[in-house]
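The chain contents come next:
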Amino acid sequence: MAVTLYGTFAADRLALLVLALGLTGAALLTYALATVNAGSIVSALVGVAASWSLSAWTRGTGAPGGTVLAAVGIFVAAELAYWSLEQASVPDEGELVARRAAGLALRGFGALFLVACVLAALGLRPGGGLILETVGVAAAVGLLAIVLVLARAVYEAER
Amino acid sequence: MSDVVRYATPKLGGYVVLTALGLLASLIFARPELAAVSAPFAVVLAIGLAVSRRPDVRVYVDVDRDRLLEDEEVVLEIELDARDSAPRLELLVEVPSGLELVSGANPVALRLGFGEERRLELRFRCTHWGAPRLGDLHLRAGDAAGLLVWEETLERGSVLRVYPRPEELRQLVGPRETQLFTGNRVSRAKGEGLEFADLRQFVPGDRIRRINWRASARRGELWVNEFHAERNADVILFLDSFVDARRSDRGTLDEAVRAAATLTERYLLEKDRVGLVNFGGVLNWLRPGTGLVQRYRIVEALLNTEITLSYAWKEIDVLPRGTLPPKALVLALTPLLDDRAIGALLDLRARGFDLVIVEVSPLPYAETPPGELGELAFRLWKLRRDGRRLQYERAGAPVVEWREGEPLTSVLEGVNASRRHARARA
């Protein structure tokens, strides 16, 4: 919600569209948590990320301020959402909750550091260049391959 | 033990999709910050999958006892020995019907460090008689990042024997005829015993201690006391398990089994021989016997009693010879709902068996159907039941109705009263 509001206020134009996308994402996330529906979490996070991306696009080229916080916010929201789903089926005992909370905080700080580093690295080569784009395409294709492999594994496990 | 199944969690799928979409969008829209947004997800995936491995946890399960009475508690001890760390281990104990959790968490999610041992105690209360299997576990272990899960079912259960809690009984239904073996019942026949029966003239061979000196002094010749012999009886518990009337976790069969267990215990204490005929979709029988072994045999047979749907017509002839000894008291526990059991009981009476019917009333489990016609049908059904009772009573077999919540002892006293009246009328 914070990411959505930040994106809305920071947008140079199309603020209502940014807000609508963000609110849809937030509503989907609420629905996913209320109905313990893991599938809707991805849609919700994509909605929030799209809202923030649209806001960034309205502000022209280059990473806008607050990108690091938005990225960490989306990441922490995703972690908390999946953790909540686990709690719906089997609640953690006290010690485990404390450990997981500490782990989540650590991952949040790690994400903060990572995104800042990535942005700094990208900032050195704003145009990207052929090598960076090739790496990006390879990563995207690789991820799609992972999706296919996992989907197949899940299908076989269910069968 | 079943195989370990590994599968990806929704989180893994979600993170892959988010990473892929972020990178693709970054390429398509030429916005490098989108790649930065998806970077934490990609890193969690990469590191999480790289370090992910199946947690090695040994599980030992034990119950503190395997024979208990209804309403007693049993403790299930689960010992977990982690040979490798388990960041999140979910443990679910299958709770069979007839048991309810009193203390302890089920399911539970915990963390086990490397070499850590944990002992969990779950306390269950036995709410219903039967032979439930307790101790089968479902284990689900997740990796540190929550991306992969290993699931396993451990069949470590033990079969518990939950015996029906015996009811307090003040008196039992006495048989009309006794058998030849020594017991606690006063026989009509004369012989060795304690209960005085009559006086008769002394004959050579009589014991001196039997001489009634007062009667002998009055009559001027020797008279001796005669006593009633103390014999045992054969009691056959006839359990009608064709159908039962049931509401949630209570039914006529439950009541009948409880009563049968109580009667078995009490008749065996009286040194009677007790047998069992489980007359239903599946026919079971136990020839009459005495002692503790017979008691356990009967109770074990009762624990396995269940309603098995069958349309096959059965008559009492299907029972093997010797199951129903002559002069036995047949104590039937029946809801009087199935014509096969009703016919078999009439047949037993026609063959001269001393028959007593305890009707486990299905009325508390029945509801009047809605509407005028429903009410009429319900009244007709009750009238038909009354007619059946009358049919048995005309045949010389008393029928007493046992309603839910009523103590069994008062029902048996009702039987004794009706038998006394019947003798008085005769």
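Note that the structure is a prediction, hence the values are computed from the model and not measured.

Moving on, we come to the overall build of chain B. Scanning chain B from N- to C-terminus turns up 8 helices and 22 strands. Compactness check: chain B gives a C-alpha radius of gyration of 34 Å against a globular reference of 22 Å for 426 residues, more than 25% above the reference. Taking the principal axes of the C-alpha coordinates as reference, chain B spans close to 130 × 60 × 35 Å. For chain B, the residues scored as buried account for 50% of the 426 residues in total. Of the roughly 20800 Å² of accessible surface on chain B, 52% is carried by carbon and sulfur atoms. Treating the 61 positive side-chain charges of chain B as one cloud and the 62 negative ones as another, the clouds have centres 6 Å apart.

Each partner contributes residues to the interface: chain A has 49 residues there, and chain B has 37 residues. Both sides of the chain A and chain B interface together cover about 3500 Å² of buried area, and 76% of this is carbon and sulfur. Connecting chain A to chain B are 4 salt bridges. Across the salt bridge formed by Glu79(A) and Lys11(B), the nearest N and O atoms sit 3.2 Å from each other. At the level of elements, α3 (38-58), α4 (67-89), α5 (94-124) and α6 (129-158) of chain A are the ones that each hand at least two residues to the side of chain A that touches chain B. Residue classes in the side of chain A that touches chain B are distributed as 32 nonpolar, 8 polar and 9 charged.

It is worth spelling out the pairing of strand β19 (residues 284-289) of chain B at this point. All names here are of chain B. For strand β18 (residues 273-280) and β19, the ladder comprises 4 bridges, and the chain directions are antiparallel. Directly across from Asn278, in β19, lies its bridge partner Asn284. In this antiparallel pair of consecutive strands, β18 and β19, the connection spans 3 residues.

All names here are of chain B. Contact geometry of helix α4 (residues 252-269) with helix α5 (residues 291-303) gives a least axis separation of 10 Å together with a crossing angle of 175°. Relative to α5, the element α4 lies roughly antiparallel. In contact with Val257, Ala260, Ala261, Thr264, Glu265 and Leu268 of α4, α5 contributes Gly291, Gln294, Arg295, Ile298 and Leu302.

Pairing between side chains becomes possible if they bear opposite charge and their charged atoms approach one another. Across all of its chains, the model carries 44 salt bridges over all chains by this definition. Close ionic contact of Glu86(A) with Arg100(A) constitutes a salt bridge, the shortest N to O distance being 2.6 Å. Of the two residues, Glu86(A) sits in helix α4 while Arg100(A) sits in helix α5, which places them 14 residues apart along the sequence. The closest approach of N and O atoms between Arg118(B) and Glu116(B), which form a salt bridge, is 4.0 Å. For Arg118(B), a relative accessible area of 19% translates into the label buried. Among the ionic contacts, a cluster of salt bridges with common partners joins Glu86(A), Asp92(A), Arg100(A), Arg88(B), Glu90(B), Arg140(B) and Glu151(B).

This part takes up the domain arrangement of chain A. Residue and element names in this part refer to chain A. In terms of domain boundaries, chain A breaks down into domain 1 (1-60) and domain 2 (63-159). At the interface, 16 residues of domain 1 touch 14 residues of domain 2. Summed over both partners, the interface of domain 1 with domain 2 comes to about 1100 Å²; 85% of that surface belongs to carbon and sulfur atoms. Applying the counting rule to domain 1 against domain 2 returns 0 salt bridges. Broken down by secondary-structure element, the contributors of at least two residues to the side of domain 1 that touches domain 2 are α1 (2-10), α2 (15-34) and α3. The element that contributes the greatest number of residues to the side of domain 1 that touches domain 2 is α3, accounting for 8 residues. Class assignment for the residues of the side of domain 1 that touches domain 2 results in 14 nonpolar, 1 polar and 1 charged.

This prediction gives chain B a mean pLDDT of 86; 98% of its residues lie at or above 70. Two summary scores accompany this predicted model of the complex, namely pTM at 0.71 and ipTM at 0.77.

Our focus in this paragraph is a nonpolar patch on the surface. Taken together, Leu14(A), Leu17(A), Leu21(A) and Trp57(A) make up a surface patch of nonpolar side chains, about 360 Å² in accessible area. Positionally, Leu17(A) belongs in helix α2.

Counted according to the given criterion, the structure contains 8 aromatic pairs over all chains. Ring centres of Phe75(A) and Tyr15(B) lie 6.4 Å apart, and the angle between their planes is 50°; this geometry places the pair in the tilted category. Note that Phe75(A) is positioned in helix α4 and Tyr15(B) in helix α1 (residues 10-29), a pairing that runs across two chains. Overall, Phe75(A) belongs to the buried group, its relative accessible area being 1%. When the centroid spacing of 5.5 Å and the interplanar angle of 70° are considered together, the rings of Phe75(A) and Phe41(B) count as edge-to-face.

Of the volumes computed, that of the largest pocket is approximately 720 Å³. Secondary structure elements with two or more residues in the lining of the largest pocket: α4 and α5 of chain A together with α1, β5 (86-93), β7 (108-112) and β9 (133-142) of chain B. Of the residues assigned to the lining of the largest pocket, the class counts are 16 nonpolar, 6 polar and 11 charged.

Attention shifts here to the packing of α2(A) against α4(A). Residue and element names in this part refer to chain A. Packing of α2 against α4 leaves a shortest axis separation of 9 Å and a crossing angle of 20°. Judged by the angle between their axes, α2 and α4 are roughly parallel. Contact with α2, carried on its side by Leu29, Ala32 and Leu33, involves Ala81, Ser84 and Leu85 of α4 and no other residues of that element. Looking at side-chain class alone, the contact of α2 with α4 contains 5 nonpolar, 1 polar and no charged residues.

A separate point is the side chain of Arg349(B). All names here are of chain B. Mapping Arg349 onto the fold places it in helix α6 (residues 339-350). The side chain of Arg349 is buried and forms no salt bridge, while Asp354, the nearest opposite charge, is found at 5.5 Å. At 2.6 Å, the side chain of Arg349 and the backbone oxygen of Phe353 are in polar contact. In this structure, Arg349 is in contact with Arg176, Asp354, Leu355, Ala395, Gly396 and Ala397, ignoring residues within four places of it in sequence.

Turning next to the sheet that holds strand β2 (residues 57-63) of chain B. Residues and elements named next belong to chain B. The antiparallel open sheet is built from 4 strands, whose spatial order is β2-β4-β8-β6. Bordering the open sheet on either side are β2 and β6 (99-103), each of which pairs with just one other strand. Strand-to-strand, the axes of this sheet are offset by a mean angle of 30°, without reference to chain direction. In this sheet, strand β8 (residues 117-126) lies alongside strand β4 (residues 73-82) in antiparallel orientation, the contact comprising 9 bridges. When the sheet's bridge partners are listed, Val74 is paired in β8 with Phe124.

With that out of the way, let us pick up empty space enclosed by the protein. Residue and element names in this part refer to chain B. As enumerated under the stated definition, the model contains 1 cavity of 30 Å³ or more in all. Quantified by volume, the largest cavity comes out at close to 30 Å³. As for the largest cavity, its lining consists of Glu255, Val360, Ser361, Tyr365, Trp402, Arg403 and Glu404. For the lining of the largest cavity, the class distribution of residues is 3 nonpolar, 1 polar and 3 charged.

Conventions and cut-offs
Residues numbered from 1 in each chain as written. Chains lettered and ligands numbered in written order. Predicted model: local features only at pLDDT ≥ 70, side-chain atom pairs only at ≥ 80, totals over all residues. Heavy atoms only, no water. Helix = DSSP H or I, 4+ residues; strand = E, 2+ residues; numbered from the N terminus. Rg over C-alpha atoms; globule rule 2.2 N^0.38 Å. Buried < 20%, exposed > 50% of the residue type's maximum accessible area, 1.4 Å probe, protein only. Areas by Shrake-Rupley, 256 points an atom, 1.4 Å probe, with all protein chains shown as cover. Lys, Arg positive; Asp, Glu negative; His and termini not counted. Charge placed at Lys NZ, Arg CZ, Asp CG, Glu CD. Contact = heavy atoms within 4.5 Å. Buried area = accessible area lost by both parts, 1.4 Å probe. Salt bridge = Lys/Arg side-chain N within 4 Å of Asp/Glu carboxyl O. Nonpolar A, V, L, I, M, F, W, Y, C, P; charged D, E, K, R; others polar. Pairing = 2+ DSSP bridges. Axes fitted to C-alpha atoms, helices over the stretch in contact; angles between N-to-C directions. Parallel < 35°, antiparallel > 145°, perpendicular 65-115°, else oblique. Domains from an automatic or database assignment. pLDDT = per-residue confidence, 0-100. Patch = residues over 30% accessible without salt bridge, like charges linked within 9 Å, V, L, I, M, F, W, Y side chains within 5 Å. Phe/Tyr/Trp six-rings, centres within 6.5 Å; stacked < 30°, edge-to-face > 60°. 1 Å grid on protein atoms, 1.4 Å probe; cavity = no way out; pocket = protein on both sides within 12 Å on 5 of 7 lines; lining within 4 Å. Points joined across faces, edges and corners; volume = space filled by probe spheres on them. Polar contact = N/O pair within 3.5 Å; in protein donor to acceptor, adjacent residues only side chain to side chain.

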